[in-house]
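# Close look at the chain arrangement
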Amino acid sequence: MRVSGKVFKYGDNIDTDVIIPARHLTSADPAHLKEHCMEDIDASFKDRVQPGDIMVAGKNFGCGSSREHAPVAIKASGISLVIASDFARIFYRNAINVGLPILECPEAISKINEGDTVEADFDTGVITDVTTGESFNAKAFPEFIKNIMACGGLVGYTGSELKA
Amino acid sequence: MPMTMTQKILADHAGLDSVAPGDLIEAKLDYVLGNDVTTPPAIKVFEQLGVKEVFDKDRVLMIQDHFTPNKDIKSAELNKTMRCFAREQNIRHYYELGRREMGIEHVIIPDNGIILPGDLIIGADSHTCTYGALGSFSTGVGSTDLACAMARGVTWFKVPEAIKVNLTGSLNEYVTGKDLILNIIGKIGVDGALYKSLEFDGEGIKSLSMDGRLTVCNMAIECGAKNGIFPVDDCTLKYISGTNPERYAKGEYKVYKADEDAEYSQVIDIDLSEIPLTVALPHLPSNIRKASECKDMKIDQVVIGSCTNGRLEDIGAAAAIFKGRKVHEDVRCIVIPGSQKVYRQALDNGWLQIFDDAGCVISTPTCGPCLGGHMGVLAKGERCVSTTNRNFVGRMGDVESEVILSGVPVAASSAILGRVGTPDEL
Ligand code: SF4
């Protein structure tokens, strides 16, 4: 699976309250969540983001509460991939479970700039900054995690495994 | 590649010869657990999956404990959803209130002999990490994970690195596993073991009882750990030979040992004889002090119970302190045996009479006040010494109430003194 898109870049410790503020948790509907995604640090995000775009951030992305709403909001915004130095444990688990692709690649973070066009290949883990021409290697996911993402999350994957 | 205990259990359940930290694996689960709060949403997802039956009716555990006996209509509805599902699916480990197997999930699952050494279990409750005390791997997950695991009996894990906690010496009188784990959390902080295993080792382990080890692993999550785990020794084997004599006799358990040269991201050395009677002041479990330094803190309530300290040893320790003494006139003391078995044993041992004579109230087994649910919620400005595991803002009631965490001897002594205190003052 390959994705390609324009980069939205953020810093370290982007927490789940920033990704989707608690005041908007009254509904778990993705269409509602995407209207408020990132609004406290980047009010224009929701208007600028295009389907396929890529989020790049620093350390400990998704720290804070265990709300599954956070990866759901990012996914619903059209983001095709989040690249970070590392992710907080529960966000990491939730992202995979809801089918939001993520890659950990500390080397890439300082080199990729806001607005660059980036391509990533989940089969190899190779991330290419098309704007600067530089490539980076993230650890590729094993087959079953790729399948979870391809099925749109753990529920879809479990359904397909049960039928198999 | 040398492996830690946790890594070996994960590798075996994934059908792999070895795993390394950071590896993503898919592993077979021995047990899957949910409670009255987390199971109902999981049942919804389970139904979306279109599955007819859980993967194994003997291996899906559904325990009612958080708001039971039901505190209000909403909690009664939740419980009813779980009860109906459990009956429909013929779930073996679903217990009704008052039955001998019944109680708080993390008290009864080891004590009913369900979990044995080497087992792999996930639960939709963050304190599922408790069973590492028996040399098994157990960790908490969310409701979607629970639903999918109920359907397939499989889930995915990222293999954790480990911190080794090397114990020497032995605990002083009245000092317990609770004081030990509070000191570890105080030392490394509430995120000190984020995503990692806490693996206990060293000759000091033999001075810790099984109930003490369960308390220690119960609170591994309070420093962010994915799991806590103890090696299996004579104490473990003696415990399981009592809780499940049949499976013990048949050898239906597996003893894993960390390799001598296994890698740890950090090694913490602790001399148990140096651990003091400890409290964690509001509002974090890492905010620890010596209990003896907090004697001017007046209190309104004491809670003795929960999945951290509601076991037989805990209730017995409380009875020994209350014997022939009275609860301070300004304090309400709530004693909650963690299971129906503990309750009955306390009755047979004459402990309930001691509590009653001392002026304590005795509750049916429930989580109750631990999460501010019922049976002892605090008003604004009130302060409680509690043997539970979390003292976050508003955990036991009003956002302006305070919870001080301690082991049973400090909690019982404080109930008698009307302020934070220690047994030597009685
Ligand atoms: S006793 Fe408290 S910590 Fe334990 S399971 Fe119940 S609510 Fe959770």
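Cut-offs applied
Residues numbered from 1 in each chain as written. Chains lettered and ligands numbered in written order. Predicted model: local features only at pLDDT ≥ 70, side-chain atom pairs only at ≥ 80, totals over all residues. Heavy atoms only, no water. Pairing = 2+ DSSP bridges. Helix = DSSP H or I, 4+ residues; strand = E, 2+ residues; numbered from the N terminus. Axes fitted to C-alpha atoms, helices over the stretch in contact; angles between N-to-C directions. Near = heavy atom within 4 Å. Nonpolar A, V, L, I, M, F, W, Y, C, P; charged D, E, K, R; others polar. Domains from an automatic or database assignment. Buried area = accessible area lost by both parts, 1.4 Å probe. Salt bridge = Lys/Arg side-chain N within 4 Å of Asp/Glu carboxyl O. Buried < 20%, exposed > 50% of the residue type's maximum accessible area, 1.4 Å probe, protein only. Polar contact = N/O pair within 3.5 Å; in protein donor to acceptor, adjacent residues only side chain to side chain. Contact = heavy atoms within 4.5 Å. Disulfide = S-S within 2.5 Å.

Another aspect to go through is the sheet that holds strand 11 (residues 266–271) of chain B. Residue and element names in this part refer to chain B. With respect to topology, 4 strands assemble into an open sheet ordered 10-9-8-11, the strand pairing being parallel. Edge positions in the sheet fall to strand 10 (227–229) and strand 11, since each has one partner strand and no second. Taken over all neighbouring pairs, the strand axes of this sheet differ in orientation by 20° on average, direction set aside. Looking at chain direction, strand 8 (residues 162–168) and strand 11 are connected through 6 bridges and run parallel. Residue pairing across strands places I163 opposite Q266, the latter belonging to strand 11.

Looking now at the site of the ligand. Residue and element names in this part refer to chain B. In the vicinity of the ligand, the residues found are H66, E105, H106, D125, H127, S306, C307, C367, C370, L371, N389 and R395. At the level of secondary structure, the elements contributing two or more residues to the shell around the ligand comprise helix 4 (105–111) and helix 10 (306–309). Its residues assigned to classes, the shell around the ligand shows 4 nonpolar, 5 polar and 3 charged. A domain-level breakdown of the shell around the ligand finds at least three residues from each of domain 1 (5–270) and domain 2 (278–425).

Quick look at the domain arrangement of chain B now. All names here are of chain B. Along its sequence, chain B is carved into domain 1 (5–270) and domain 2 (278–425). Carbon and sulfur atoms make up 60% of the surface buried where domain 1 meets domain 2, a total of about 3200 Å² over both sides. Among the residues domain 1 hides against domain 2, the three largest losses belong to R100, I104 and K178. Together they make up 18% of the total. In this assembly, domain 1 and domain 2 are joined by 1 salt bridge. Note that E222 and R390 form a salt bridge whose closest N and O atoms lie 3.1 Å from each other.

A few words now on the side chain of T215 of chain B. Residues and elements named next belong to chain B. Considering the arrangement of structural elements, one finds T215 in helix 7 (residues 210–218). In this structure T215 comes out as buried when scored by relative accessible area, which is 2%. Within the local environment of T215, its side chain forms a polar contact with the backbone oxygen of D211, the two atoms lying 3.1 Å apart. Among the polar contacts listed, one links the side chain of T215 to the backbone oxygen of T308, at a separation of 2.9 Å. Contacts of T215, omitting those with residues within four sequence positions, involve G177, K178, I181, T308, N309 and R311.

Right, let's talk about the state of the cysteines for a bit. Summed over the entire model, instances satisfying the criterion amount to 0 disulfides over all chains. Summary of cysteine pairing: C129 of chain B is not part of a disulfide, and the nearest cysteine sulfur, belonging to C217 of chain B, is at 7.4 Å. Summary of cysteine pairing: C148 of chain B is not part of a disulfide, and the nearest cysteine sulfur, belonging to C151 of chain A, is at 11 Å. Accessibility expressed as a relative area gives 3% for C148 of chain B, which makes it buried.

The next point concerns the environment of I336 of chain B. Residue and element names in this part refer to chain B. Relative to the helices and strands, I336 is located in the loop between strand 15 (332–335) and helix 12 (340–348). Sequence-wise, I336 and T364 are 28 residues apart; in three dimensions their C-alpha atoms are separated by 6.4 Å. Discounting residues that sit within four places of it in the chain, I336 has contacts with V303, I304, G305, S306, G310, I315, S363, T364, P365, T366 and P369.

Pairing between side chains of opposite charge can happen when their charged atoms approach one another. What the rule picks out here adds up to 36 salt bridges over all chains. Salt-bridge contacts for R48 of chain A lead to E114 of chain A; the nearest nitrogen and oxygen are separated by 3.9 Å. Residue R48 of chain A is located in helix 3 (residues 45–48), and its partner E114 of chain A is located in the loop between helix 6 (106–111) and strand 5 (117–121); the two are separated by 66 residues in the primary sequence. Judged by relative accessible area, E114 of chain A falls into the partly exposed class, the value being 42%. The shortest N-O distance in the salt bridge between E382 of chain B and R332 of chain B comes to 3.0 Å. Taken together, the residues E382 of chain B in the loop between strand 16 (361–362) and strand 17 (383–386) and R332 of chain B in strand 15 connect sequence positions 50 residues apart. Residue E382 of chain B is classed as buried on the basis of its relative accessible area, which comes to 17%. Taken together, the shared-partner salt bridges in this structure form one network comprising R2, E119 and D121 of chain A.

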